[in-house]
Amino acid sequence: SSGINAEYGISGLVKHIPIAEMQERPCVLLCNLKPAKMRGIMSHAMVMCASTPEKVEVLAPPADSKPGDKVSIEGFVGTPDAQLNPKKKVFEAIQPDFLVSPAGNALYKGVEWKINGQPITAQTMRGCGIK
């Protein structure tokens, strides 16, 4: 969870993950995309998932993380844009470098995604992309 008040992250995962498994589930959200209307509701975040054409799995934050904790990637410092400019296609440019390692850890350019120093993981998927 992101700690965002009164805003929603609507996912298109219904074909991949039963709704009962999504409700109240800790997850990793990308929160600075331009809001988009999905199913008649404005979505203000994207649920980050390990992904292949056949399977999708929600990435898991560390057990001790809390809503609003920030993801860090060693060597990539800075302040995120308040909102990515969709015309610049920033997410589309960096997303191909989001991968799940053979150990199940989320990576960007080979460096682990972490929250409070602990890795973000895929439960079962390995060696695939993240979307």
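It should be emphasised that the depicted structure is a prediction, and the values quoted were computed from it without experimental measurement.

**Points about the environment of Lys15**
Here is step 1: Its location among the elements puts Lys15 in the segment before helix 1 (19-22).
Here is step 2: With relative accessibility at 78%, the residue Lys15 sits in the exposed group.
Here is step 3: When the C-alpha positions of Lys15 and Lys55 are compared, they lie 9.9 Å apart, and in sequence the two are 40 residues distant.

**Brief notes about the pattern of salt bridges**
Here is step 1: Across all of its chains, the model carries 3 salt bridges by this definition.
Here is step 2: Where Glu57 meets Lys55, a salt bridge forms, and the shortest distance between an N and an O atom there is 3.9 Å.
Here is step 3: Of the charged contacts, one joins Lys66 and Asp69 as a salt bridge, the two residues approaching to 3.8 Å between their closest N and O atoms.
Here is step 4: In this structure Lys66 comes out as exposed when scored by relative accessible area, which is 51%.
Here is step 5: Classification of Asp69 as partly exposed rests on a relative accessible area of 22%.

**Some words on the pairing of strand 10 (residues 111-115)**
Here is step 1: Two strands pair when backbone bridges link them, and strand 7 (residues 72-73) and strand 10 are joined in this way by 2 bridges, in the antiparallel orientation. Counted as the bridge partner of Ile73 is Trp113 from strand 10.
Here is step 2: Relative to strand 10, strand 9 (residues 106-108) is paired through 2 bridges, and the arrangement is antiparallel. Note on strand 10: the bridge partner recorded for Tyr108 is Val111.
Here is step 3: Here strand 9 hands over to strand 10 after 2 residues, with Lys109 in that stretch at a positive phi of 50°.
Here is step 4: Pairing between strand 10 and strand 11 (residues 118-119): 2 bridges, direction antiparallel. From the neighbouring strand, Lys114 faces strand 11, where its bridge partner is Pro119.
Here is step 5: Following strand 10, the chain reverses through 2 residues before pairing antiparallel with strand 11; Asn116 in that reversal takes a positive phi of roughly 50°.

**Brief notes about unusual backbone geometry**
Here is step 1: Positive phi outside glycine occurs at Glu24, with the angle close to 60°.
Here is step 2: Inspection of the secondary structure puts Glu24 in the loop between helix 1 and strand 1 (29-30).
Here is step 3: On the basis of relative accessibility, which here comes to 82%, the residue Glu24 falls in the exposed class.
Here is step 4: Despite not being glycine, Asn116 has its phi angle at roughly 50°, a positive value.
Here is step 5: Since its relative accessible area comes to 47%, Asn116 is described here as partly exposed.

**As for the packing of aromatic side chains**
Here is step 1: Counting across every chain of the model gives 4 aromatic pairs.
Here is step 2: Here the aromatic rings of Phe98 and Tyr108 are separated by 5.6 Å at their centres, their planes lie at 70°, and the arrangement is edge-to-face. Taken together, the residues Phe98 in strand 8 (residues 98-100) and Tyr108 in strand 9 connect sequence positions 10 residues apart.
Here is step 3: A relative accessible area of 9% places Phe98 in the buried class.

What counts, and at which threshold
- Throughout, a residue's number is its position along its own chain's written sequence, starting from 1.
- Totals for whole chains, interfaces and linings use all residues, but because this is a predicted model, local features are given only for residues with pLDDT of at least 70 and pairs of side-chain atoms are given and counted only at 80 or more.
- Working from all heavy atoms in the structure, the side-chain values ignore hydrogens and water.
- Strands here are runs of E lasting at least two residues and helices are runs of H or I lasting at least four, both read from the DSSP assignment and numbered beginning at the N terminus.
- When accessible area is computed with a 1.4 Å probe and restricted to protein chains, residues below 20% of their type maximum are described as buried, those above 50% as exposed, and intermediate ones as partly exposed.
- Counted as salt bridges are all cases of a side-chain nitrogen of Lys or Arg within 4 Å of a carboxyl oxygen of Asp or Glu.
- Paired strands, as defined in this entry, are two strands with at least two bridges between them according to DSSP.
- Each aromatic pair joins two rings of Phe, Tyr and Trp (for Trp, the six-membered one) with centres within 6.5 Å, and gets the label stacked for planes under 30 degrees apart, edge-to-face for over 60, and tilted for any other angle.

Nothing here speaks to function; it is all geometry.
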